[in-house]
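Next come the chains, spelled out residue by residue.
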2 protein chains.
Amino acid sequence: MAIFSKTCEYAIRAVFYIAHKSAAGTKVGIKDIATGIDSPELYLAKILQDLSRKGLISSAKGPNGGFYINEASLNRPISDIVEVVDGNNLFYGCALGLKQCSEINPCPLHEQFKAIRSQIHELLDNTTINGFNEELMNGLLSLRK
Amino acid sequence: MAIFSKTCEYAIRAVFYIAHKSAAGTKVGIKDIATGIDSPELYLAKILQDLSRKGLISSAKGPNGGFYINEASLNRPISDIVEVVDGNNLFYGCALGLKQCSEINPCPLHEQFKAIRSQIHELLDNTTINGFNEELMNGLLSLRK
DNA sequence: ATAATAAAAGACAAAAATATCTTTTATTAT
DNA sequence: ATAATAAAAGATATTTTTGTCTTTTATTAT
Ligand code: FES
Ligand code: FES
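Here is what the cut-offs are and how they apply
- Residues numbered from 1 in each chain as written.
- Chains lettered and ligands numbered in written order.
- Predicted model: local features only at pLDDT ≥ 70, side-chain atom pairs only at ≥ 80, totals over all residues.
- Heavy atoms only, no water.
- Near = heavy atom within 4 Å.
- Polar contact = N/O pair within 3.5 Å; in protein donor to acceptor, adjacent residues only side chain to side chain.
- Least-squares fit on C-alpha atoms with pLDDT ≥ 70 in both.
- Contact = heavy atoms within 4.5 Å.
- Helix = DSSP H or I, 4+ residues; strand = E, 2+ residues; numbered from the N terminus.
- Phe/Tyr/Trp six-rings, centres within 6.5 Å; stacked < 30°, edge-to-face > 60°.
- Buried < 20%, exposed > 50% of the residue type's maximum accessible area, 1.4 Å probe, protein only.
- Salt bridge = Lys/Arg side-chain N within 4 Å of Asp/Glu carboxyl O.
- Buried area = accessible area lost by both parts, 1.4 Å probe.
- Nonpolar A, V, L, I, M, F, W, Y, C, P; charged D, E, K, R; others polar.

Caption draft 1: Expanded view of the protein's contact with DNA strand D. Close to DNA strand D lie 26 residues, the nearest being Lys46(A), Ser59(A), Thr7(B), Tyr10(B) and Pro63(B). Counting only atoms of DNA strand D within 4 Å of the protein, the fraction found in sugar and phosphate groups is 61%. Within the backbone of Ile30(A), an N or O atom sits 3.1 Å from a phosphate oxygen of DNA strand D. Contact distances for DNA strand D include 3.1 Å between a phosphate oxygen and a backbone N or O atom of Lys6(B).

Caption draft 2: Region of the structure containing the relation of the copies chain A and chain B. Expressed as a screw operation, the relation of chain A to chain B combines 0.0 Å of axial shift with a rotation of 180 degrees, fitting to an RMSD of 0.0 Å. Such a combination of rotation and displacement between the chain copies is what one expects of a two-fold axis. Residue Ile3(A), judged by its C-alpha, is the member of chain A lying nearest the rotation axis, at 2.9 Å. With an isologous cut-off of 70% or more, the 100% of interface residues of chain A that recur at the interface of chain B puts this contact in the isologous class.

Caption draft 3: Looking closely at the protein's contact with DNA strand C. Contacts to DNA strand C come from 26 residues, most closely from Thr7(A), Pro63(A), Gly29(B), Lys46(B) and Ser59(B). Restricting attention to atoms of DNA strand C within 4 Å of the protein, one finds that 59% of them are sugar or phosphate atoms. At a separation of 3.1 Å, a phosphate oxygen of DNA strand C approaches a polar backbone atom of Lys6(A). Interatomic distance of 2.8 Å between a side-chain N/O atom of Lys46(B) and a base nitrogen of DNA strand C. Elements with a contribution of two residues or more to the surface near DNA strand C: helix H1 (6-23) and helix H3 (41-53) of chain A together with helix H3 (41-53), strand E1 (58-60) and strand E2 (66-68) of chain B. No other element matches H3(B), which puts 4 residues into the surface near DNA strand C.

Caption draft 4: Spotlight on the packing of aromatic side chains. Residue and element names in this part refer to chain A. Within the structure shown, the criterion is met by 6 aromatic pairs over all chains. Aromatic side chains Tyr10 and Tyr43 sit 6.1 Å apart centroid to centroid with 80 degrees between the ring planes, which places their arrangement in the edge-to-face category. Of this pair, Tyr10 sits in helix H1 while Tyr43 sits in helix H3, and the two are 33 residues apart along the sequence. What makes Tyr10 buried here is its relative accessible area of 11%.

Caption draft 5: Seen up close, the pattern of salt bridges. Under the criterion given, the structure shown has 14 salt bridges over all chains. A salt bridge links Arg76(B) to Asp80(B); its shortest N-O distance comes to 2.8 Å. A residue is classified by how much of its surface remains accessible, and Arg76(B), at 28% relative accessible area, is partly exposed. Taken together, the shared-partner salt bridges connect Asp50(A), Arg53(A) and Lys54(A) into one network.

Caption draft 6: How the structure looks around the interface of chain A and chain B. Taken together, the contacts link 40 residues of chain A with 40 residues of chain B. For the pair chain A and chain B, the two sides together bury roughly 3600 Å², of which 67% comes from carbon and sulfur. Between the two partners, chain A and chain B, sit 2 salt bridges. Between Lys99(B) and Asp38(A) there is a salt bridge, with its nearest N and O atoms 2.9 Å apart. The tally of links from chain A across to chain B stands at 13 residue pairs in polar contact (both at pLDDT 80 or more). Looking at which element gives the most residues to the side of chain A that touches chain B, the answer is helix H7 (residues 110-126) of chain A, with 7 residues. When the residues that make up the side of chain A that touches chain B are grouped by side-chain class, the tally is 25 nonpolar, 8 polar and 7 charged.

Printed below as a string of structure tokens:
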């Protein structure tokens, strides 16, 4: 098991990819993104449609069209992406799958896990969509392979 | 998305359940366990068969049979369960699904995520199967609902 | 020996996640 | 207006995960 669903992994990688292109002022097509993050093109298209409907990214049809992210959204945290795609179970759910994580009816892992869980939340809250543009342009960070 | 697969959640809860019964010296039947942890009985049976084959738990057929855990296994960490059921991706895999998590080809979340990942590993390594027997017997901890 | 018990094993089913294919709609350039 | 482009939408397919049903095997008590 990974920490995110495959869908969410693609979503985050794609958003990072679009972000560093958007920062440079260019829209980017689905084909380019799919290649750039090494994902199945048509599946990714579905994911981006969803993110677009939810307002996380923007898109334009027709020639010179493509996906982009506006200034405001560039500064949003990637926890927003995770929440939209995978829901908030990772942030608030019980590690052992109890219907409700609570202090009054805790599972054995509760005390320890809630600390970790909140660190994950914090990490994703403090990581912005455009936080890695330079490193991505320099090729210091990877979104594929 | 949860941090463990449903299968793994059931597995850990079941093993905790068996453990605190085993500590009291009694074997426990699949029906009892399924009720005790609120899981689908026949699915859980499959999971326990697997854990049994892998040597994490023991079982006896026939009247007075059931599942139990021997002294040695009672002291094993639950990371062993996770590894058997969900593999080690949670401990070593890339957060964004890159084929290989590495320092030379890191994804944007690498630096921050590896710290969290190792804390998860540590938590599961330091949590033993029999570590909650008393609290479970006292009803201070829950494995269901 | 026989019947009862309980897990093991094998086959099957349903649901969810992942992936692909086809048609439609909007936009742009000619 | 027309043709080309590119995303949106809808339908379908595949794979994986989760869950169930049936038969078999081992053990125990009578
Ligand atoms: S009850 Fe399980 S993590 Fe809180
Ligand atoms: S490369 Fe992504 S977590 Fe290490």
